[in-house]
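One letter stands for each residue in the lines below.
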Amino acid sequence: MLTTAPIALFVYNRPDHTSQTISYLQKNLLAAESRLFIFSDGAKTDADKASVDAVRKIAAGVSGFKSVEVIEREQNMGLANSIISGVTQLVNEYGNVIVFEDDLVSSPYTLQYFNDALARYADEEQVMHIGAYMFDLPDKTLPETFFFRSATSWGWATWARAWKNFEPDIDKLMAQFDAEKIERFSIDGTMNFWKQMQEFKARKNNSWAIRWYASVFLKNGLTLNPSHSLIHNIGHDGTGVHSNIEHMYGVQVAQQPIQYYPDVLKENEQAYHAIKHFLKNRKGSLLQRGLRLAKQLKAKYLSKK
């Protein structure tokens, strides 16, 4: 590894989450060798201005990195446009990028994992995305890292050569799918990825991530993933733009460096079945689903009072 990849951190109006995310990033072994770019989106409403300003005050005081640059947006771009713009800017300048949002707790070895993988697969066109988050899979016999088809968005990295394949136009993406591809894209129907595509088209969500995964999938791309998560998302407390109160995706972050990277560029079948099993059963019984929904509705009601 000759040079470390730049880190893009996207923040908005959650000072507590932002502080935690930065604190854990600072504890990474390669933090002092890494350039950090903090993209701060502009306030969407007057009600958000105070919290946006609080986040910017935190950003202005960040140290512990090779350099820190804060990019303050005057207008509200929205998360999707902010990420697309920031990632494009950095891959064009540096050739690769590591991407964090403001609610991700990392392992001390997360940056090392990203940089090692970026260097190892730099010239492998089929490898398009490096994810650092992984579900708490019951199968503990999986290799340390493996290839999979889906691109996770909670801490990830990519190269300019892969990002050039990002297609933001949902109509162009959807036109390339048939029934068989939809089934494979949705992990045999266990995840609502196709529904997310339809909802984006219907303007019910504004996800950059589902379009990125679709872009990778349609190129027969592979994503590298750890079997023991190097990221924990602390945003599933109802505070995020696109998050509900969820506990099924909670993990204990790995505290050891990654030693193994696969040589064979092929989706790991064992990992595929382990993830498929997790997704199929993640919501639990009908009773558990009902209790979780009731808890979410209660939290939303109380937050509006």
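The preceding data block contains the structure.
Since we're looking at a predicted model, the values are computed, not measured.

1. Concerning the packing of helix α1 (residues 15-26) against helix α2 (residues 49-60)
- α2 packs onto α1 with a crossing angle of 20 degrees between their chain directions and a minimal axis gap of 9 Å. Classified by the angle between their axes, α1 and α2 sit roughly parallel to one another. By crossing handedness, the relation of α1 to α2 is classed as right-handed. Here P15, T18, S19 and I22 of α1 come into contact with α2, specifically with S51, A54, V55 and I58.
- Looking at side-chain class alone, the contact of α1 with α2 contains five nonpolar, three polar and no charged residues.

2. Looking at the pairing of strand β8 (residues 156-159)
- Residues of β8 alternate between two faces, with W156 and T158 on one and A157 and W159 on the opposite face, all of them buried.
- With four bridges connecting them, strand β4 (residues 96-101) and β8 associate as antiparallel partners. Residue I98 lies in a different strand from β8, and its bridge partner there is A157.
- Relative to β8, strand β6 (residues 127-131) runs antiparallel, the two sharing two bridges. For G131, the partnering residue across the bridge sits in β8 and is W156.

3. So, the sheet that holds strand β3 (residues 67-72)
- On the basis of which strands lie adjacent, the open sheet formed by eight strands has the order β3-β2-β1-β4-β8-β6-β9-β7 and mixed pairing. Strand pairing shows two members of the sheet lacking a second neighbour, β3 and β7 (145-148), which therefore form its edges. On average, each strand axis in the sheet is inclined to that of its neighbour by 25 degrees, with strand direction left out of account.
- In the sheet, strand β2 (residues 35-40) pairs with β3 via six bridges, with the strands oriented parallel.

4. A short note on the nonpolar core
- If you look at the biggest cluster of nonpolar residues, it comprises 92 residues, and the most contacted ones within it are F100, F185 and M197.
- The contacts of F100, once residues within four sequence positions are left out, are I7, A8, L9, F10, T21, L25, S106, T110, L111, F114 and I231.

5. Thoughts on the environment of A271
- With respect to the secondary-structure elements, A271 resides in helix α10 (residues 269-281).
- A271 sits in the buried class, given a relative accessible area of 0%.
- Separated by 44 residues in the primary sequence, A271 and S227 have C-alpha atoms spaced 8.2 Å apart.
- If sequence neighbours within four positions are ignored, A271 has contacts with L142 and F146.

6. Some thoughts on the pattern of salt bridges
- Scanning the entire structure with this criterion turns up 11 salt bridges.
- D136 is paired through a salt bridge with K140; the nearest N and O atoms lie 3.1 Å apart.
- The class for K140 is exposed, based on a relative accessible area of 63%.
- As a salt-bridge pair, R149 and E267 come within 2.7 Å of each other at their nearest N and O atoms. Of the two residues, R149 sits in the loop between β7 and β8 while E267 sits in the loop between β10 (231-233) and α10, which places them 118 residues apart along the sequence.
- A single salt-bridge network, built from bridges that share partners, covers R14, D102 and D103.

7. Focus on the packing of aromatic side chains
- Throughout the structure, instances matching the rule amount to 26 aromatic pairs.
- Residues Y133 and F135 carry aromatic rings whose centres are separated by 5.7 Å and whose planes lie at 90 degrees to one another, so their mutual orientation is edge-to-face.
- By relative accessible area, F135 is classed as buried at 14%.
- Judged by centre distance (5.0 Å) and plane angle (70 degrees), the ring pair of F193 and Y213 falls under edge-to-face. Taken as a pair, F193 in helix α8 (residues 193-201) and Y213 in helix α9 (residues 209-218) lie far apart in primary sequence, 20 residues in all.
- For Y213, a relative accessible area of 1% translates into the label buried.
- Over the ring of Y24 we find K27; its NZ or CZ atom is 4.7 Å from the centre of that ring.
- Taking the ring centre of W159 as reference, the NZ or CZ of R161 above it sits at 4.2 Å.

8. Examining the packing of α8 against α9
- For the pair α8 and α9, the least separation of the axes is 10 Å and the interaxial angle reads 120 degrees. By the angle between their axes, α8 is oblique relative to α9. Both α8 and α9 take part in a crossing whose hand is left-handed. Each of F193, Q196, M197 and F200 in α8 lies in contact with α9, whose residues at this interface are I210, R211, Y213 and A214.
- Across the contact of α8 with α9, the residue classes tally to six nonpolar, one polar and one charged.

9. Things to note about α8
- Those residues of α8 lying buried are F193, W194, Q196, M197 and F200. Viewed along the axis of α8, the buried residues span an arc of 155 degrees, placing them on a single side of the element.
- Where α8 is buried, its residues contact α6 (170-174), α7 (179-185) and α9.
- Downstream of α8 by one or two residues, R203 has phi in the positive range, about 65 degrees.

Each value, and the rule that gives it
Chains are numbered independently. Their residues run from 1 in the order of the written sequence. Residues qualify for local features only when their pLDDT is at least 70, as the model is predicted, and side-chain atom pairs are given and counted only at 80 or more; totals for whole chains, interfaces and linings, by contrast, use all residues. In computing side-chain properties, one takes all heavy atoms of the structure into account and sets aside hydrogens as well as water. Axis angles are defined between N-to-C directions and span 0 to 180 degrees, where every axis is a line fitted to C-alpha atoms and, for a helix, only to the segment in contact. A run of DSSP states H or I qualifies as a helix once it reaches four residues; a run of E qualifies as a strand once it reaches two. Both are numbered from the N-terminal end. Relative orientations are named as follows: roughly parallel for angles under 35 degrees, roughly antiparallel for angles over 145 degrees, roughly perpendicular for angles from 65 to 115 degrees, and oblique for any other angle. Here a crossing is taken to be left-handed if its near helix is turned anticlockwise relative to the far helix by less than a right angle, and right-handed if that turn runs clockwise. In what follows, a contact means two residues having at least one pair of non-hydrogen atoms within 4.5 Å. Each residue gets one label: Ala, Val, Leu, Ile, Met, Phe, Trp, Tyr, Cys and Pro are nonpolar, Asp, Glu, Lys and Arg are charged, and the others, such as Gly, are polar. A simple rule labels every residue: compare its accessible area, found with a 1.4 Å probe on the protein chains alone, to the largest value its type can have, and call it buried under 20%, exposed over 50%, or partly exposed in between. Note: two strands are recorded as paired if DSSP finds a minimum of 2 bridges between them. By nonpolar core is meant a set of buried Ala, Val, Leu, Ile, Met, Phe, Trp, Tyr and Cys residues that side-chain atoms within 4.5 Å join together. Think of a salt bridge as a Lys or Arg side-chain nitrogen and an Asp or Glu carboxyl oxygen that are within 4 Å of each other. Aromatic pairs are defined between Phe, Tyr and Trp rings, using the six-membered ring for Trp, whenever the two ring centres lie within 6.5 Å; interplanar angles under 30 degrees are classed as stacked, those over 60 as edge-to-face, and all others as tilted. Only when the NZ atom of a Lys or the CZ atom of an Arg is both within 6 Å of the ring centre and within 35 degrees of the ring normal do we say a charge sits over the ring. Directions drawn from the helix axis to the C-beta atoms are what define this arc.

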